[in-house]
Amino acid sequence: MSRMLLAVPALLPILGGVVLLIMNHFKGNAVFRYRRLALLVEGITLVNSLVIGWLIVHKAGTGEQMVLFKLYGDLRVMFSLDGLGSVFAGLIAFLWPLAVLYSFEYMRNEERQTVFFSYYLMTYGVTVGIAFAGNLVTLYLFYELLTLVTFPLVLHPMTKAAVRASRKYLYYAIGGAAFAFIGIIFVLNFSTTGNTQFIPGGIMDAGADPAQRRTLLFVYVLAFFGFGVKAALFPCHGWLPDATAAPTPVTALLHAVAVVKSGAFAVMRLTYYSFGTALLRGSFAQYIVMGAAMATVVYGSTMAVREVHWKRRLAYSTISNLSYILLGTAMMSPLGLIAALSHMVFHAFMKICSFFCAGAVMHQSGKTYVHELDGMAFKMPVTFACLTIASISLAGIPPFAGFISKWNIAQSAFDCGRFLNQAGKGGYWLPYAGACVLLYSALMTAVYMFTVLVRAYVPKQGTITGAEVTDPNWMMLVPLVIFAGVIICFGFHPVPLMKVLRAIGGKAG
Amino acid sequence: MDGNVLLLLPILLPIVMGSLVLTAKGFRKNRKLLIAAVSGTLAVGVILTWAALMTGGRLTLWQMTEDITVALAVDGVSRLFAALTSGVWLLVGIYSISYMTHERDEFRFFGFYLIVLGVLTALDFSANLVTFYVCYEMMTLTSLPLVLHEMTKEAVMAGLKYLFYSVAGAFLALFGIFYLYGAAGSLTFTPGGVSMGLSINGHEGLFLGAVCCMLVGFGTKAGMFPLHGWLPTAHPVAPAPASAVLSGLITKSGVLAVIRVAYYIVGPDRLRGTWVQDVWMFLTLLTVFMGSMLAYKEPVLKKRLAYSTVSQVSYILFGLGLFNAAGFVGALSHVVFHSLVKNGLFLAAGAIIFKTGWTRTREMDGLGRVMPVMLGCYTLVSLALIGIPPASGFVSKWYLATGALASGTGVWSWLGPIILLISALLTAGYLLPLAIRGFFPGAGFDEGEIRSRGLGGQEPSWLMTVPMLVLTAGAILFGCFPGQLISMLESIAAAVL
Amino acid sequence: MTLVQNFPFFSIIIAMFSGILSLALNGRRARNVSLGAISLVTVMSFAVCLYCMDAGASYTYRMGHFPAPWGNEIRAGVLEGLTATVFGVVMLLSVAGGMDHTYEDVEGTKLNLFFIMIDMMLSSLLALIYTNDLFTAYVFVEINTIAGCGLIMIRQKGRSLSAAIRYMIMSQLGSGLFLIGLSLLYDVTGHLLMSPAKEAVALIEAAGIYGIPMLVILAVISVGLAIKSGLYPFHYWIPDTYGYATPTASAILSGLVSKGYIFLLIKIFYRVLGRENVIASQIVNVLYLFGLAGMIMGSVHAIMEEDTRRMIAYSSVAQIGYIYMGIGLGTQAGMVAAVFHMFTHSATKALLFISAVGLYEVSGDKKDYRSLRGAGYRNPLAGIGFAVGALSMVGFPMLAGFISKLLFATSALQSPHKMIPTLIVLAVSTILNAIYFLRLVITLYSGGGSEKKGKASSWKLRAAILCFILLNLVLGLKSQPVVQAIWDGLAMFD
């Protein structure tokens, strides 16, 4: 009975969202007064998060599986909860209720709110499905579903820009999944277990034939790029900046946390739990993916500096930061996985805090461009205080959380470089270059985040115009403050989390 | 936390008081309260620092990762820097009580002034490289508002330049820290250097490269070429007291960083005779020369003093790069002397601006008739900086020169003293004219004119003149009676070399 | 001989007689007869399928007492029964769903003719499925063509006529080539029944004579049937034909007719020419290449289309390419994938056409993108149906298309040389499919929901859409038994 509980956090929100949609369809928009809708959605979200919390504490790592149904032959769709999944699920479970709270205030005066919230809710369930997926096929199923439930959210404003953005998003996502599919087929065919289950260390049996090994490595690269589309890997990143046409709660949660982190998560599963690092370490595949991640880091950071629209700037920042995670993953060692996971968690908080701040400013004052923000910090002090913390952390400046994860990634890079050097591989310099790239990006981050802050704290010509703009109300402010608090907490007290991550990394790497 | 909690107090008190000043509305309304709080904190701060330095010991603050702690400790170098910092901070603080009346938003200035003191003290007390780095970055961020204070477009541009140069330098140094974490046995500051793991054998190139990165990166704060560009822009644009501490003390944090890296982590034995030393010599001497030249040609007084800082701090770095006792003593003594002198110079420049509004030296003829005490102090500290005995600058320059000649670094051994000499001449050239023309303006000078041109043109109040006098006295007396200071420095040198 | 074994024969006869009977009936009665016949045939075919699965072997059924080498045989096995069942279901739903449009498009007096054509189509499809001799095959190929033409023409609006003529010409070209191939085969082997013909072919191959004629036979039969089933580059007639017929006709033509010819081709490969010979002759590689080309080019043309019906028609070209790619892999696994995709495509394409009709209804009968904006809100069920069909085409998991993709990909892994091109083209094709199908889905749902619901479609249309969606889901989630049946069927196919 308790095993069935594994399926609840994924299915409950999906069902809830579907029911909401159906009721909306038959009774029209009048069925839900906004407050009732808000309470209902927040209630479901909170209950779901609590269930996830309980499951993590009691079920993680027990190896229990819950099979939903058989898709075809040996391919089962099933849930199971291990260390990696609990980290991701825990992260989502913490963030979602706060994000929903924020969205209520934000979407108060928009249209078709019921539709919006039903898809928002469904996305929660689907993302949990990805976290709980016990094998690659289940991951793929929920991965595709994620595209399907998030694109109506991007489409929501129904403006020309939104339509175009949702189209682009859809094409890229499906394209990525198509290439990832090739990877799944190969895993299925060459695995030692005969299915696509996630086992630390991978399940691939490369065989003795070097040509076959080369083919497998090539397919890994394809699948990396395929899953990497959702993680905004260069050159498949084009959808992310355009997706900022969606409302801020969507951009923030989905495209800075849920969707893009799902992509990174899928890459981690692919690398450490399907293909396995023993097969991949030191091969040309590792060089290619590491190089791609590095290129993305540079590209994202540089473009962010040049971008003047605030949300788009943050989107490019996401592209860059996501590839920090991918860079850590590409080190193919326990240290690398730990580093990637730490950045996954920390960046989620930093980026969602930044986006929510930007959203608060947009909501209160309508300003969207960086040069319009002069003196705003004096009108919205709490908001900008949170933004300051998030910015410092993003730039990797201690003592906030961002420094810890950058440190970890750099250390894993140096470690990988040393390992490759000892193994006599020619490309051992690449991880070191990776560390340099990381520092370059940190500098660029400082540039593009701090210029915003300095503008905000220095009013134009000493006057502060438009006194009617203030901090938003508690529904938007509380999540902001909580996120900033978490960033500070993790900065000063990261050791417990790192212990958990170390346990995961040690098994998998 | 375990260890000597006293170490935390001189850090925490200013930071807490500074934050209170920034946020509590009471301080904005009531100036008397503000002044009382600030001066009280500074005074108590000196006492607490003294207490911490007397008791010594270590203090572990928190665990950053499983094997890196954030910790504080007291050793010879920290004693020197912390004592200097708290003392000068108090003096400049008293000065600014009067000076800041003609600026606005004083509470913002004082708030950050106090916070930076706390952070600097933490920097001085850092026990390992990571703690140091944390405080270093925090110091950049908290001193930024001081540069930005005027809120003009110029100030913003200068502030951003300061920020980005500092951050770039810090990240450059971070690369070295990353490397050393893996290569070194530990990152705790140990006199003479820590033991290095086997991984650097056969990879000396990478190791030295990492050290060079750290040198250049940390050297940014100290205004060393090639990342010095921010200094002449940022220092002048801040209010005078802020410029004073920026030039006088915050640049020294860059110096402290270099000391810690070279002498307490990597160890002088590993660097002596390598290409890193050559690069070091080259960069510092270039900066010395370049800074002096640019100062000589600069018409705006505060900018001239900023270029002077660029030049003088590289004297210190030069001395450190010699890796022998004389050079080390010369460098550290120059830390003390230059702090005193540069603070004094900036305070004087500030007094001039405060009382007359003039910024260019051309305008300042005949100043001595109006403000004799202040200009007298200016003249005395200038002499100290130039290196004329018995003023203090002579002592440090002597040690630097002897250290250079004895260092066995080939061409630098003799080139160094030559450059130092040229620079001394240039220093005289850019500092003395103001004093001379101030006291002896020559024919065609109209005293009445200067009184009417200025804002009442009198001596500034005691709040401003007393600190100046104290600094001047220090600059001269340390020159006449350097014994105690020198012996303390020699004992530190013996420990690390 | 059990009753069940007679069912194939009964099916064909019932279908034919329904057609003849409808000559004398009026429209409504003809419709009832037609529907009844299709239902009956479906049930009977299913029974045959089950019977053969139980028996574990196929059986032949001689019609009349003409001995070999002439004579007339029917052969029934699991695959034949299964195919006939699927075709029957699709046909039933298409006819029922498109009924109201049929009434609109066709003149009252000619209504019974429509249903006669339906019956003829049904009977010829069944015959193609069950026949075991070449001459019957040819006859029913021609009957199929005529029925198809009739279905197109019955609309009697301008473009339909020209479409019908184009169809006729291309079809005849194909049939002609097929006939040439058959004649040559008869010449060389002296047999018209499939099994004896196969033995003769084996002897010829063993003896090493008639090398060139065999190659020509192979080529000509393949090309002929390829033209008729719409393989690239012989596909030019498809968009015009499928685009301008009535909804029912479009569904049947795109969903079933081309599959019937492919089935016949597979049958000839297995039962007459022999698999090994076919593979050895490199014809499969040619088919493979054309299949790949079709997958890409079909989608590329679809992307460029403004008229959505033509777009859906071009999509068929791409999907036929998939099937030929599967055949072209040359392995049993590839063939299974191809056959499964035949079923999938029949069901999905019919779903797409019927849903599209529902959408056109609420958009002023216009078919271009601009008019369809927001149609998903005006006709929700049709919108959902179209979305499901589109997602199935793209290969979304839990839908039928995913299983097809899975089967194609796994079978590709067994052919080392064709593995990488197949996988890459599969991925690219998915993206291309996504581009034009999902673009339309987005258009359907953009425009803000301030749209009021339009006039509801008839209950028949809606029921048909629902049934098709269900069928797709069943094929997506419960495909194991079907695939197993196909394996068994292919095993007993030659």
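Residues numbered from 1 in each chain as written. Chains lettered and ligands numbered in written order. Predicted model: local features only at pLDDT ≥ 70, side-chain atom pairs only at ≥ 80, totals over all residues.

Student: What exactly am I supposed to notice about the overall build of chain C here?
Tutor: If you tally the helices and strands in chain C, you get 21 helices and 2 strands. Against the compact-globule benchmark of 23 Å for 494 residues, chain C has a radius of gyration of 21 Å, which places it among compact chains. Counting only C-alpha atoms and orienting by the principal axes, one finds that chain C spans roughly 75 × 55 × 45 Å. A total of 494 residues make up chain C; the buried ones form 61% of that total. Of all intrachain contacts in chain C linking residues separated by at least 6 positions in sequence, the fraction that spans at least 24 positions is 80%. (Helix = DSSP H or I, 4+ residues; strand = E, 2+ residues; numbered from the N terminus. Rg over C-alpha atoms; globule rule 2.2 N^0.38 Å. Buried ≥ 20, exposed ≤ 12 C-beta atoms within 10 Å, placed from the backbone. Contact = placed C-beta atoms within 7 Å.)

Student: Just to check I follow, could you spell out the overall build of chain A for this structure?
Tutor: Tallying secondary structure elements over chain A gives 19 helices and 2 strands in all. A compact globule built from 509 residues would reach a C-alpha radius of gyration of about 23 Å, and chain A, at 22 Å, matches this within 12%. The dimensions of chain A, computed from C-alpha atoms along their principal axes, are 70 × 55 × 40 Å. Put simply, chain A has 509 residues, and 64% of those count as buried. Restricting to contacts in chain A with at least 6 residues of sequence separation, those with at least 24 account for 81%.

Student: Sorry if this is basic, but what is going on with the interface of chain A and chain B here?
Tutor: With 26 residues of chain A at the contact, the number on the chain B side is 26 residues. Mapped onto the side of chain A that touches chain B, the elements with two or more residues apiece are helix H16 (401-422), helix H17 (429-457) and helix H19 (495-508) of chain A. Of all the elements, H17(A) adds the most residues to the side of chain A that touches chain B, at 10 residues. Among the residues making up the side of chain A that touches chain B, the classes are represented as 21 nonpolar, 3 polar and 2 charged. (Nonpolar A, V, L, I, M, F, W, Y, C, P; charged D, E, K, R; others polar.)

Student: I tried to follow helix H6 (residues 129-148) of chain B on my own but got confused; where do I start?
Tutor: Think of an α-helix as turning once every 3.6 residues; residues three or four places apart then point the same way. End to end, H6(B) covers 29 Å across 20 residues, agreeing with the expected 28 Å (1.5 Å per residue, within 8%). Here H6(B) lies mainly inside the structure; 19 of its 20 residues are buried. (Expected span 1.5 Å × (residues − 1).)

Student: Mind showing me how you'd approach unusual backbone geometry here?
Tutor: If a residue is not glycine, its phi is most likely negative; likewise, a peptide bond is most likely trans. A cis geometry characterises the amide bond from B:Phe225 onward to B:Pro226, with omega recorded as 10°. Tracing the backbone through its elements, the reader meets B:Pro226 in the loop between helix H8 (204-219) and helix H9 (231-237). Its identity as a non-glycine residue notwithstanding, A:Met158 has a phi of 60°, on the positive side. Assessed through the 17 C-beta atoms surrounding it within 10 Å, A:Met158 is described here as partly exposed. Of note, the phi angle at A:Met332 is positive, near 55°, even though the residue is not glycine. Turning to its location among the elements, A:Met332 is positioned in the loop between helix H12 (310-330) and helix H13 (334-365).

Student: I'm lost on the interface of chain C and chain A in this one. Help?
Tutor: Interface extent is often summarised as the accessible area lost during association of the parts. In this assembly, 27 residues from chain C lie in contact with 24 residues from chain A. For the side of chain C that touches chain A, the secondary-structure elements that each account for two or more residues are helix H17 (380-394), helix H18 (400-412), helix H19 (416-445) and helix H21 (479-491) of chain C. For the side of chain C that touches chain A, the element with the most residues is H19(C), which contributes 9 residues. Of the residues contributing to the side of chain C that touches chain A, the split by class is 17 nonpolar, 8 polar and 2 charged.

Student: What exactly am I supposed to notice about the nonpolar core here?
Tutor: Side chains of nonpolar character tend, in soluble globular proteins, to be buried together. By size, the foremost hydrophobic cluster in this structure holds 596 residues, and its most contacted members are A:Ile182, A:Ile352, A:Cys353, A:Ile487 and B:Val258. In terms of residue count, the dominant contributor to this core is H13(A) (20 residues). Non-local contacts of A:Ile182, meaning those with residues more than four positions away in its chain, are made with A:Val219, A:Leu222, A:Ala223, C:Ala409, C:Leu423 and C:Ala427. (Core = buried A, V, L, I, M, F, W, Y, C linked by C-beta atoms within 7 Å.)

Student: Can you walk me through the packing of helix H11 (residues 247-273) of chain C against helix H14 (residues 308-328) of chain C in this structure?
Tutor: The axes of two packed helices give the description: the angle between them and the distance between them. All names here are of chain C. Two elements in contact, H11 and H14, have axes whose closest approach is 12 Å; the angle formed by their N-to-C orientations is 20°. Viewed along their axes, H11 and H14 adopt a mutual orientation that is roughly parallel. Between H11 and H14 lies a crossing of right-handed hand. In contact with Ser-254, Ser-258, Ile-262 and Ile-266 of H11, H14 contributes Ala-313, Ser-316, Ile-320, Ile-323 and Ile-327. Residue classes in the contact of H11 with H14 are distributed as 6 nonpolar, 3 polar and no charged. (Axes fitted to C-alpha atoms, helices over the stretch in contact; angles between N-to-C directions. Parallel < 35°, antiparallel > 145°, perpendicular 65-115°, else oblique. Left-handed = near helix turned anticlockwise from the far one by under 90°.)

Student: Would you mind showing me how to read helix H1 (residues 8-27) of chain A here?
Tutor: Residue and element names in this part refer to chain A. Here H1 contains 20 residues, and its C-alpha end-to-end distance of 27 Å stays within 8% of the 28 Å for a straight helix at 1.5 Å per residue. Considered for burial, the residues of H1 that qualify are Pro-9, Ala-10, Pro-13, Ile-14, Gly-16, Gly-17, Leu-20 and Asn-24. Viewed end-on, H1 has its buried residues packed into an arc of 155°, placing them on one side of the element. More than 90 degrees from the buried face of H1, the exposed residues found are Ile-22, Phe-26 and Lys-27. Those residues of H1 that are buried lie in contact with helix H2 (34-59), strand S2 (75-80) and helix H4 (113-132). (Arc of directions from axis to C-beta.)

Student: Would you mind going over the arrangement of the chains with me for this structure?
Tutor: Here 2 pairs of chains are in contact, and chains A and C lead that list by number of contacts. With respect to C-alpha atoms, chain B approaches chain C no nearer than 41 Å, and the pair has no contact.

Student: Sorry, what's going on with the packing of helix H4 (residues 76-99) of chain B against helix H14 (residues 325-356) of chain B here?
Tutor: Residues and elements named next belong to chain B. Look at H4 against H14: their axes get within 11 Å of each other, and the N-to-C directions meet at 5°. Considered as vectors, H4 and H14 are oriented roughly parallel to each other. Where H4 abuts H14, its residues Leu-80, Leu-84, Val-88, Val-92, Tyr-95 and Tyr-99 lie against Leu-332, Val-336, Ser-339, Asn-343, Leu-347, Gly-350 and Phe-354. Its residues assigned to classes, the contact of H4 with H14 shows 10 nonpolar, 3 polar and no charged.

Student: What is the right way to read the pairing of strand S3 (residues 69-73) of chain B from this model?
Tutor: Remember that side chains alternate between the two faces of the sheet whenever the strand is regular. Residues and elements named next belong to chain B. For S3, the buried fraction is high: 4 of the 5 residues fall into the buried class. Examined bridge by bridge, strand S2 (residues 58-63) and S3 share 5 bridges and lie antiparallel to one another. Across the sheet, residue Leu-59 finds its bridge partner in S3, namely Leu-72. In this structure, the hairpin formed by S2 and S3 is closed by a connection of 5 residues. (Pairing = 2+ DSSP bridges.)

Student: Hey, could you run me through the environment of C:His101 in this one?
Tutor: Residues and elements named next belong to chain C. Mapped onto the secondary structure, His-101 falls in helix H4 (residues 99-105). With 23 C-beta atoms counted inside 10 Å, the residue His-101 sits in the buried group. Setting aside its immediate chain neighbours within four residues, His-101 contacts Thr-246, Pro-247 and Val-357.

Student: How do you make sense of the UniProt feature "domain: NADH:quinone oxidoreductase/Mrp antiporter transmembrane" (unreviewed entry) in chain A when you look at a structure like this?
Tutor: According to UniProt, the positions carrying the feature "domain: NADH:quinone oxidoreductase/Mrp antiporter transmembrane" (unreviewed entry) are residues 133-418 of chain A. A helix fraction of 76% and a strand fraction of 0% characterise residues 133-418 of chain A, whose end C-alpha atoms lie 34 Å from each other. (UniProt positions renumbered as here; feature names shortened; annotations may be inferred.)

Student: Sorry if this is basic, but what is going on with the environment of C:Leu372 here?
Tutor: Residue and element names in this part refer to chain C. Residue placement: Leu-372 occurs in the loop between helix H15 (332-361) and helix H16 (375-378). Each C-alpha atom of the pair Leu-372 and Glu-361 lies 10.0 Å from the other, and the pair is 11 residues apart in sequence. With residues near it in sequence (within four places) discarded, Leu-372 still touches Thr-308, Leu-359, Ser-363, Thr-443 and Leu-444.

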